[in-house]
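Observations on the three-dimensional arrangement
Given next are the chains, with one letter for each unit.
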Amino acid sequence: MIERTLSLIKPDAVQRNLTGEILAMIQGAGLKVVALKMIHMTKAQAEGFYAVHRERPFFDSLTDEYITSGPVVKMVVSGEGAVKKMRTLMGATNPEKAAEGTIRKKYAVSLEANSVHGSDAPETAAFETRYFFSAFEIV
């Protein structure tokens with residue numbers, strides 16, 4: 001089934017000029033980029049986006065320090081089984097446990113600065129996509 005999912009190239013990867021390489025990996029996996037923007041997320045935007053993690057111990061450092069520390073590239077990708085395909089391509093959240101050839105194994109610098117985000121389920125993808133993109137911005 002053709003799905004859409006949201007992905008972010010996080011500040012650590014943008015700062016290291018890895019956007020093109022990560023986009024190439026995404027497209028090389030058979031996913032199509034159907035929307036793309038670069039923004040510098042505000043604290044309020046970060047808190048809204050990561051609201052599901054509000055009670056987690058990493059929430060403040062994630063929203064106050066890391067994700068707002070620099071620009072992120074946000075995108076909607078489309079393809080057969082896009083959510084699962086993107087999750088597999090990203091690799092485990094902890095880069096030390098990520099499989100060889102995944103984005104996080106190749107580019108992440110730490111558990112928090114793990115270079116990319118991807119929706120974890122179709123329902124999450126729908127919320128996250130609407131959070132950053134209007135229907136008019138997705139082709």
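Every value quoted in this text rests on a predicted model; they were computed, and no experiment measured them.

**Describing the sheet that holds strand β4 (residues 116-118)**
Within the open sheet, the four strands sit side by side as β2-β3-β1-β4. Their pairing is antiparallel. The open sheet terminates on both sides in strands that have one partner only, identified here as β2 (32-39) and β4. Within the sheet, the average angular offset between the axes of one strand and its neighbour, ignoring direction, is 20°. Its contacts with the sheet place helix α5 (residues 82-90) against β1 (2-9), β3 (72-80) and β4, and it is angled at close to 35° to β1. The sheet strands contacting helix α7 (residues 122-132) are β1, β2, β3 and β4, and the helix crosses β1 at an angle near 60°.

**A few points about the side chain of Ser-115**
Tracing the sequence through the fold places Ser-115 in the loop between α6 (103-107) and β4. Given a relative accessible area of 0%, Ser-115 falls into the buried group. At a separation of 2.8 Å, a polar atom in the side chain of Ser-115 contacts the side chain of Asp-12. Excluding anything up to four places from it in sequence, Ser-115 contacts Leu-8, Ile-9, Lys-10, Asp-12, Ala-13, Arg-16, Tyr-66, Tyr-107 and Ala-108.

Calculation criteria
Residues numbered from 1 in each chain as written. Predicted model: local features only at pLDDT ≥ 70, side-chain atom pairs only at ≥ 80, totals over all residues. Heavy atoms only, no water. Pairing = 2+ DSSP bridges. Helix = DSSP H or I, 4+ residues; strand = E, 2+ residues; numbered from the N terminus. Axes fitted to C-alpha atoms, helices over the stretch in contact; angles between N-to-C directions. Contact = heavy atoms within 4.5 Å. Buried < 20%, exposed > 50% of the residue type's maximum accessible area, 1.4 Å probe, protein only. Polar contact = N/O pair within 3.5 Å; in protein donor to acceptor, adjacent residues only side chain to side chain.

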